[in-house]
Amino acid sequence: MKNTPIAGLLAALPLALAFQAHAQAPAPADKLVFGSNWYAQAEHGGFYQALAEGLYKKHGLDVTIKMGGPQINVLQLLLAGQYDVAMGDDLQTYKAVEQGLPLVTVATTFQQSPTVLVSHPGPKTLGDLKGKTLYIGQASETTYWPWLKTKYGFTEAQKKPYTFSVQPFLVDKNSAVQGYLASEPYTIETQGRFKPTVFLLGAYGYPPYAQTIVATKSGLDAKKDAIRRFVEASAEGWKSYLKNPAPGNALILKDNPQMTRALLDYGVKALRDARLVDGGDARTQGLLTMTDARWKKTYDFMVREKLLSPKVDYRSAFTTDIVDQVHVLP
């Protein structure tokens, strides 16, 4: 039978539909592995929220969050190529750069450090802790302890080792103990059955950012647009989490069964009250933002306290190229 024009069109239709379906197929999502610095907790909430609400997917990303822990060296795994981005720390990244390691910070979760000193009721300011017994861990020697000694005149004589138990502090009413905003204060309230006085070091001028987002320099060069989209989606996740943390918390509890809802609720409230995520420059420049001036303050503190060589270029540990393009306001 001779083909008619209609028959020809019908014969070509399946091929045309197949071509159209292929042309409209979405591009495959860019895969990114994000390494966290500890077991899943409220401090990681915005990232889990972005995963739970499909924000990474919306930005063309397939993100896997790999939970950290005490035996996991996050930056080592980042350098080994196991992660594309990881949670870092300003001081740690500066020291890595000093050693020639190719790391670069692209954003920060917290606008100030969540490190705290916790005291029994009585002291009104951080300076009031001078002369009191301070339970302080060894890691403080290369972080906030030099800052406390210089700014407030704290001495080695008042320091005792912190063994990650608040019991000595609970017994000694003339003491204070180190901690993190959403951890030790909660433990003290539940075990000591009193509300302690909490001094947030960042609020008193301790300069570093905290829980930063770090990449390798080669990784950033290779995946800069994907990492920019990761930062933007994460900022959206944090904005959502601070309003309604339920979706993110469900994933946190799944990843970390040791976590409790009570501690998560406490952590979210602490983050909100202290404006760790949405305070500072984030109020006007957007969540996860960083500034050159703030990094310079951290650099100057480290050099002054002989924690970092002055030969290190202070701009070598970070770039604001990505956060300058991301403006997710609180």
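This text goes with the structure placed above it.
One structure accompanies this document, and this report is about it. Just so you know, these numbers come straight off a predicted model, no measurement behind them.

Here Tyr186 lies in helix H8 (residues 184-192). For the pair Tyr186 and Leu251, spaced 65 residues apart in sequence, the C-alpha to C-alpha distance is 22 Å. Apart from the residues lying within four places of it in its own chain, the contact partners of Tyr186 are Thr260, Ala262, Leu263 and Tyr266.

So, on to the layout of surface pockets. Considering only enclosed or pocket space, the second largest pocket measures out at about 370 Å³ in volume. Lining the second largest pocket are 13 residues, and of these Leu181, Val198, Tyr266, Ala270 and Asp273 sit closest to its centre. Counting only elements with at least two residues in the lining of the second largest pocket, the list comes to H8, strand E9 (197-200) and helix H12 (261-274). Its residues assigned to classes, the lining of the second largest pocket shows nine nonpolar, no polar and four charged.

Quick look at the nonpolar core now. Counting residues in hydrophobic clusters, the biggest one holds 59 residues, and the most contacted among them are Phe47 and Phe230. No other element matches helix H10 (residues 224-243), which puts nine residues into this core. Apart from the residues lying within four places of it in its own chain, the contact partners of Phe47 are Phe34, Tyr56, Ile65, Met87, Thr109, Gln211, Ile213, Phe230, Ser234 and Trp238. The next biggest cluster of nonpolar side chains, apart from the first, holds 30 residues, and it includes Leu126, Phe199, Met290 and Val312.

It is worth spelling out the packing of H10 against H12 at this point. In contact at an axis separation of 10 Å, H10 and H12 are set at 110 degrees when each is read in the N-to-C sense. On the basis of their axis angle, the class for H10 and H12 is roughly perpendicular. Our pair here, H10 against H12, has a crossing hand that is left-handed. From H10, Trp238, Tyr241, Leu242 and Lys243 reach across to H12, where they touch Leu264, Val268, Leu271 and Arg272. The residue makeup of the contact of H10 with H12, split by class, is six nonpolar, no polar and two charged.

How each quantity is defined
Residues numbered from 1 in each chain as written. Predicted model: local features only at pLDDT ≥ 70, side-chain atom pairs only at ≥ 80, totals over all residues. Heavy atoms only, no water. Helix = DSSP H or I, 4+ residues; strand = E, 2+ residues; numbered from the N terminus. Contact = heavy atoms within 4.5 Å. 1 Å grid on protein atoms, 1.4 Å probe; cavity = no way out; pocket = protein on both sides within 12 Å on 5 of 7 lines; lining within 4 Å. Points joined across faces, edges and corners; volume = space filled by probe spheres on them. Nonpolar A, V, L, I, M, F, W, Y, C, P; charged D, E, K, R; others polar. Core = buried A, V, L, I, M, F, W, Y, C linked by side-chain atoms within 4.5 Å. Buried < 20%, exposed > 50% of the residue type's maximum accessible area, 1.4 Å probe, protein only. Axes fitted to C-alpha atoms, helices over the stretch in contact; angles between N-to-C directions. Parallel < 35°, antiparallel > 145°, perpendicular 65-115°, else oblique. Left-handed = near helix turned anticlockwise from the far one by under 90°.

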